[in-house]
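# Observations on the three-dimensional arrangement
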Amino acid sequence: MTDTVLYGAVPYTAVVLALTGLGFRLAGFGPPVTARSSMLLESRVLYWGALPWHVAILSVLAAHLLASLAPGAWGRLLGDPVRLQALEVLGLALGAWAFASAVVLLVRRLVFPRVRAATGAMDVVVLLLLLAQVGLGVYVAFTLRWGSVWYLHTAVPWLRSLVGLAPDPSFATLLPTPVKLHALLAFALLALVPYSRLVHVVTFPFRFPFRPRAAQVWTAASGVDLPRPVAAVLRERALEPQVLHEWNPEVAAAWQRRGRAIATRNLWISIPALFLSFAVWMVWSVVVVRLPDAGFRLSTGQLFWLAALPGLSGATLRVFYSFAVPVLGGRLWTTLTTASLLVPAVGIGVAVQDPRTPYPVLLALALLAGLGGGNFASSMANISFFFPKALKGTALGLNAGLGNLGVSAMQVVVPLAISAGVLGALGGAPQLFVRDGVEHRMWLQNAGFVWVPLVLASTAAAWLGMDDVASAKASFRDQAVIFRRKHTWLVSWLYLGTFGSFIGFSAALPLLVKSAFPGVDPIRYAFLGPLLGALFRPAGGWLADRLGGARVTLASFALMIALTLAAIAFLPYGGAPGRFGPFLASFVLLFLLTGVGNGSTYRMIPVIFATQHARAADGSPAGQDRAQRAAAKESAAAIGFASAFAAYGAFFVPKAFGTSLAVAGGPVPALLGFVAYYATCIAVTIWFYARPRAEMPC
């Protein structure tokens, strides 16, 4: 009887209380339903509490919801031990992150007098309940291992029975006591939604990304300057130029007043666009592994060409893209380049459905995938204009690091998307193939089609939410001066060692593993290295802001040499089978260091150009201002060109492995070549940037 009440009646009671209370609130009884926050009372601590809280808790809730709505797809995702362990660690980390953020929000409510004055008893109760809920979740994740698996067989059937109005408490009774408390507390919080600030979960602050440019000031005489209707703001942003005519992020007062908000908005629109660009750019690294299963009869050399050509075209496009933002504006260029991703995405989806598609067509589509690779140069150049020098390393690290996550996300999403007809009839018919005597179905076209709706959304966001910086305007001739700067070529050489390795290994590793360890499915592990490389890129920028870019870059290259030699030691040799686990671990750590080196090398570029122009400027304020503006333009162009130069790694690394396998029968010569290159990078870093009395310490 108790189980029936707790796990059959209580959930429905919570839903009824929530819907009833919400109905009364929406009908005008009680305070209005809004998404307004206490930011005007205190904003700095709120930022560091609310933003991580929402990112972490929404990610965890999304995982719970996905498992409940699509248990079959979730089960396939967890079928691989590596993915299972990675998701368990990620879930635990997100839970701990959410708990720490909730503590910050609670302390803020109690410590800051202005916030405390606006805090009611229900606010404290809700925060304490959220802390208890998240704490229970962390405890369950830490003590009851593999919860994402047993959740499918206990909690999911119970929740689905509730939704189907046929409650079956027997599934809930199988759960451990902490999990039962976790579930009941969730329904208690649901019941409190209409009666607390939790009601904001049914709203979304649509006005926030599109709020008017004018500052909103509270005064006793004028009251509050309310924002205009959303439709009017959207119409203005869609039809009129959005140009920041006065923009100097180095002026602290202007930066704090409105500059930080504008720069942050542009950054968080840029990141998803760059994320999708990397996903589309590298999608062939997964597609080529599955082409034989789809009926394509291609040699290993032809497959390596398909994996390498996006790198070649992407790197070449970056040369031109790196100068486009000052000519056309960041808003227009980001919109156009994001929309261009539809061409390779749709083209791949159509072409792979027919194994009779000519190989030249596949080559052309591989070249078109380079459109995604070109976007990095313009994206980084654009974001560099928005942030002050002290924050450039972190901002560029976030843009590039979270954008680079598109590679690892693609290597997780595409295998899942092609394993099921996730697009229904729109996705086309599956391909059938037999492996180990068992017939399998595959929707390889989803590798391209799955990105189409996301690209459309990101394109709209770029046009409606981004800005152009008037002071960033410059012709190609103005920017071409960087080719006469020695340090443009030196930092490009260094960045080829870090980013060229990251993107080249991302493209080549699946085929390399398949050739060196034939019994291993490379798709199961391909995402690990790019994931860590992308996640640690912001850390490289952050460390460089504090320790100096040259020091961090130097340490990265030294450790990259050691790990490359370790990977060689674990390869098959002379009849010995090799050790795949240590080999993979060496490569994953190598990816991590490329990410750190990417962030630190990019941090060096604006410092180098700012120092160079500051030395040449006269001491007057006007001279210093001209030096700052020239340094900003040249460093943006150098950032773009360095990314173009380094992106050739996406072509040469796979081709180096392919040639090494064809000539020597293994990848060792290619890996030794990379070791030699890293040694030259160490020499350049020490001589020009890291030693005492270096020409350009940074």
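Residues numbered from 1 in each chain as written. Predicted model: local features only at pLDDT ≥ 70, side-chain atom pairs only at ≥ 80, totals over all residues. Heavy atoms only, no water.

### Structural notes on the overall build of the protein chain
Tallying secondary structure elements over the protein chain gives 30 helices and 4 strands in all. Expressed as a percentage of the 698 residues in the protein chain, the buried residues total 50%. Residue pairs in contact within the protein chain that sit at least 24 positions apart in sequence constitute 82% of those at least 6 positions apart. Accessible surface computed for the protein chain: about 30700 Å², of which carbon and sulfur atoms make up 71%. (Helix = DSSP H or I, 4+ residues; strand = E, 2+ residues; numbered from the N terminus. Buried < 20%, exposed > 50% of the residue type's maximum accessible area, 1.4 Å probe, protein only. Contact = heavy atoms within 4.5 Å. Areas by Shrake-Rupley, 256 points an atom, 1.4 Å probe, with all protein chains shown as cover.)

### What to know about the confidence of the model for the protein chain
Per-residue confidence for the protein chain gives a mean pLDDT of 80; residues scoring 70 or more make up 89%. Across residues 205-225, confidence stays below pLDDT 50; counting only partners more than four residues off in sequence or on other chains, it has 29 contacts. (pLDDT = per-residue confidence, 0-100.)

### Things to note about the environment of isoleucine 682
Mapped onto the elements, isoleucine 682 comes out in helix α30 (residues 668-690). Note on isoleucine 682: relative accessible area 18%, which makes it buried. Expressed as a C-alpha distance, the spacing of isoleucine 682 and phenylalanine 557, which sit 125 residues apart in the sequence, is 6.3 Å. In this structure, isoleucine 682 is in contact with Leu554, Phe557, Ala558 and Ile561, ignoring residues within four places of it in sequence.

### Here we look at the pattern of salt bridges
Per the stated rule, a full pass over the model turns up 6 salt bridges. Note that aspartate 354 is salt-bridged to arginine 356, the shortest N-O span being 3.1 Å. Residue classification places arginine 356 among the exposed residues on the basis of a relative accessible area of 70%. The closest approach of N and O atoms between glutamate 634 and arginine 485, which form a salt bridge, is 3.1 Å. (Salt bridge = Lys/Arg side-chain N within 4 Å of Asp/Glu carboxyl O.)

### Digging into a nonpolar patch on the surface
A cluster of nonpolar side chains, namely Tyr47, Trp48, Leu51, Val55, Trp97 and Trp268, defines an oily patch on the protein surface of about 640 Å² accessible area. Here the element with the most residues in the nonpolar patch is helix α2 (residues 44-69); it accounts for 4 residues. Relative to the elements of secondary structure, tryptophan 97 occurs in helix α4 (residues 81-111). (Patch = residues over 30% accessible without salt bridge, like charges linked within 9 Å, V, L, I, M, F, W, Y side chains within 5 Å.)

### Examining empty space enclosed by the protein
One water molecule sets the probe size; rolling that probe over the atoms shows where empty space is left. Across all of its chains, the model carries 2 cavities of 30 Å³ or more by this definition. Estimated volume of the largest cavity: approximately 80 Å³. Only α12 (252-281), α16 (330-339) and α19 (370-384) provide two or more residues apiece to the lining of the largest cavity. With 4 residues, the single largest contributor to the lining of the largest cavity is α12. Taken together, the residues of the lining of the largest cavity sort by class into 2 nonpolar, 8 polar and no charged. (1 Å grid on protein atoms, 1.4 Å probe; cavity = no way out; pocket = protein on both sides within 12 Å on 5 of 7 lines; lining within 4 Å. Points joined across faces, edges and corners; volume = space filled by probe spheres on them. Nonpolar A, V, L, I, M, F, W, Y, C, P; charged D, E, K, R; others polar.)

### Some points on the packing of aromatic side chains
Pairs of aromatic rings are described using the distance from one ring centre to the other and the angle between the two planes. Inspection of every chain in the model, using the stated rule, returns 30 aromatic pairs. Pairing phenylalanine 376 with tyrosine 602 gives two aromatic rings, centres 6.0 Å apart and planes at 35 degrees, and the pair type is tilted. Residue phenylalanine 376 is found in helix α19, and its partner tyrosine 602 is found in helix α27 (residues 580-616); the two are separated by 226 residues along the sequence. Classification of tyrosine 602 as buried rests on a relative accessible area of 1%. (Phe/Tyr/Trp six-rings, centres within 6.5 Å; stacked < 30°, edge-to-face > 60°.)

### Let's talk about the environment of proline 697
Looking at the element boundaries, proline 697 is found in the segment after α30. Proline 697 sits 149 residues away from glycine 548 along the chain, and the two C-alpha atoms are 8.6 Å apart. Ignoring any residue separated from it by four or fewer positions in sequence, one finds proline 697 in contact with Arg615, Phe688 and Tyr689.

### What about helix α18 (residues 359-368)?
Of all the residues in α18, the buried ones are Tyr359, Leu362, Leu365 and Ala366. Each buried residue of α18 lies within a common arc of 115 degrees when the element is viewed along its axis, so the set occupies one face. Of the surrounding elements, those touching the buried residues of α18 are α13 (284-290), α14 (300-321), α17 (342-351) and α19. (Arc of directions from axis to C-beta.)

### What to know about the packing of helix α6 (residues 121-143) against helix α10 (residues 177-192)
Remark: α6 packs on α10, axes separated minimally by 10 Å, with the N-to-C direction vectors making an angle of 150 degrees. Judged by the angle between their axes, α6 and α10 are roughly antiparallel. Of the two possible hands of crossing, α6 and α10 adopt the one that is left-handed. The residues of α10 that touch α6, namely those facing Met122, Leu129, Leu130, Ala132, Gln133, Leu136, Gly137, Tyr139 and Val140, are Pro178, Val179, Leu181, His182, Leu185, Ala186, Leu189 and Leu192. Classifying every residue of the contact of α6 with α10 gives 14 nonpolar, 3 polar and no charged. (Axes fitted to C-alpha atoms, helices over the stretch in contact; angles between N-to-C directions. Parallel < 35°, antiparallel > 145°, perpendicular 65-115°, else oblique. Left-handed = near helix turned anticlockwise from the far one by under 90°.)

### A short note on α27
With 37 residues, α27 should cover 54 Å at 1.5 Å per step; its first-to-last C-alpha distance of 54 Å lies within 8% of that length. Taking burial as the measure, the 37 residues of α27 include 28 buried ones, the bulk of the element. (Expected span 1.5 Å × (residues − 1).)

### Overview of the packing of α12 against α19
One way to put it is that α12 packs onto α19 with a least axis distance of 7 Å and a crossing angle of 160 degrees. It follows that α12 is roughly antiparallel to α19 by the angle criterion. Here α12 and α19 pass one another in a crossing that is left-handed. Where α12 abuts α19, its residues Asn266, Leu267, Ser270, Leu274, Ser277, Phe278 and Trp281 lie against Gly370, Gly372, Gly373, Asn375, Phe376, Ser379 and Ile383.

### Some remarks on the side chain of asparagine 382
Mapped onto the secondary structure, asparagine 382 falls in helix α19. Asparagine 382 sits in the buried class, given a relative accessible area of 3%. In contact with asparagine 382, not counting residues within four places along its chain, are Val325, Gly330, Thr334 and Met466.

### Things to note about the nonpolar core
Residues Trp284, Leu291, Trp451, Phe587 and Tyr689 are the most contacted members of the largest nonpolar core, which totals 137 residues. Grouped together as the second largest cluster of nonpolar side chains are 18 residues, Ile57, Ala102, Leu131 and Leu198 included. (Core = buried A, V, L, I, M, F, W, Y, C linked by side-chain atoms within 4.5 Å.)

### Looking at the side chain of threonine 337
Summarising the element assignment, threonine 337 is placed in helix α16. Judged by relative accessible area, which is 5%, threonine 337 ranks as buried. Here threonine 334 takes part through its backbone oxygen, which lies 3.2 Å from a polar atom of the side chain of threonine 337. Residues in contact with threonine 337, not counting those within four places in the same chain, are Tyr321 and Asn375. (Polar contact = N/O pair within 3.5 Å; in protein donor to acceptor, adjacent residues only side chain to side chain.)

### Some thoughts on unusual backbone geometry
Apart from glycine, the bulk of residues carry a negative phi angle, and the bulk of peptide bonds sit in the trans form. Although it is not a glycine, arginine 693 adopts a positive phi angle of roughly 60 degrees. As for its position among the elements, arginine 693 is in the segment after α30. A relative accessible area of 82% places arginine 693 in the exposed class.

### Examining the environment of valine 513
Looking at the element boundaries, valine 513 is found in helix α24 (residues 486-516). If we skip the residues at most four places from it in the chain, valine 513 touches Pro518, Val520, Pro522, Phe580 and Phe583.

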